[in-house]
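Coordinate inspection notes
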Amino acid sequence: FRDPALRSLTYAPSADGYNNSLMMIAAQNGSKRMVKLLFRFGADPNRRNVRDETALHFAFRLGYFELGDYMIRKMRAQDDIPDCTGATAASLRPD
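Residues numbered from 1 in each chain as written. Predicted model: local features only at pLDDT ≥ 70, side-chain atom pairs only at ≥ 80, totals over all residues. Heavy atoms only, no water.

Regarding the nonpolar core
One finds Met23, Val35 and Met71 to be the most contacted residues of the largest nonpolar core, which totals 18 residues. Per-element accounting of this core gives the leading share, 5 residues, to helix α4 (residues 55-61). Apart from the residues lying within four places of it in its own chain, the contact partners of Val35 are Met23, Ala26, Ala27, Leu67, Met71 and Met75. (Core = buried A, V, L, I, M, F, W, Y, C linked by side-chain atoms within 4.5 Å. Buried < 20%, exposed > 50% of the residue type's maximum accessible area, 1.4 Å probe, protein only. Helix = DSSP H or I, 4+ residues; strand = E, 2+ residues; numbered from the N terminus. Contact = heavy atoms within 4.5 Å.)

Some points on the environment of Asn46
By the element assignment, Asn46 lies in the loop between α3 (32-40) and α4. For the pair Asn46 and Leu56, spaced 10 residues apart in sequence, the C-alpha separation works out to 7.8 Å. Setting aside chain neighbours within four positions, we find Asn46 in contact with Thr54, Arg76, Ala77, Gln78 and Ile81. Polar contacts involving the side chain of Asn46 include one to the main-chain amide nitrogen of Gln78, which spans 2.8 Å. (Polar contact = N/O pair within 3.5 Å; in protein donor to acceptor, adjacent residues only side chain to side chain.)

Focus on unusual backbone geometry
Here the phi dihedral of Asn19 falls at roughly 60 degrees; this positive angle occurs in a residue that is not glycine. Inspection of the secondary structure assignment puts Asn19 in the loop between α1 (4-9) and α2 (22-28). Phi is positive for Arg76, close to 60 degrees, though the residue is something other than glycine. The topology assignment puts Arg76 in the segment after α5 (65-75).

Brief notes about the packing of aromatic side chains
Under the criterion given, the structure shown has 1 aromatic pair. A ring pair is formed by Phe60 and Phe65, whose centres lie 5.7 Å apart and whose planes are at 35 degrees; its orientation type is tilted. What makes Phe60 buried here is its relative accessible area of 1%. The partly exposed category is assigned to Phe65, whose relative accessible area is 25%. (Phe/Tyr/Trp six-rings, centres within 6.5 Å; stacked < 30°, edge-to-face > 60°.)

Structural notes on the packing of α3 against α5
Where α3 contacts α5, the axes come no closer than 11 Å and their chain directions differ by 20 degrees. Our classification of the angle between α3 and α5 gives roughly parallel. Note that α3 runs across α5; the crossing there is right-handed. Two secondary-structure elements touch here, α3 through Lys32, Val35, Lys36 and Phe39 and α5 through Glu66, Leu67, Tyr70, Met71, Lys74 and Met75. Residue classes in the contact of α3 with α5 are distributed as 6 nonpolar, no polar and 4 charged. (Axes fitted to C-alpha atoms, helices over the stretch in contact; angles between N-to-C directions. Parallel < 35°, antiparallel > 145°, perpendicular 65-115°, else oblique. Left-handed = near helix turned anticlockwise from the far one by under 90°. Nonpolar A, V, L, I, M, F, W, Y, C, P; charged D, E, K, R; others polar.)

Overview of a positive patch on the surface
The grouping of Lys36, Arg40, Arg73 and Lys74 at the surface amounts to a positive patch. Secondary structure elements with two or more residues in the positive patch: α3 and α5. Tracing the chain through its elements places Arg40 in helix α3. (Patch = residues over 30% accessible without salt bridge, like charges linked within 9 Å, V, L, I, M, F, W, Y side chains within 5 Å. Areas by Shrake-Rupley, 256 points an atom, 1.4 Å probe, with all protein chains shown as cover. Salt bridge = Lys/Arg side-chain N within 4 Å of Asp/Glu carboxyl O. Lys, Arg positive; Asp, Glu negative; His and termini not counted. Charge placed at Lys NZ, Arg CZ, Asp CG, Glu CD.)

Right under this line is the structure:
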């Protein structure tokens, strides 16, 4: 993509002190549209914050299972990455 300003946003440092990426924030809010846009511009769905959480952890923890499933299918988000407590995104899904 040709717009370096948009591409640079996907790598922007976090201002919240937890190293949450824009994709993590979009996943926390269930915004599939924003998650897709950020991915298109190079955001990494497997990036970890200071608690070793990924955007997929946030999506599943907050009940956005359709978004999480989309991230696994289309973005190769890994559901087996453990956070600081040992919980994986896969373990956050209901049975």
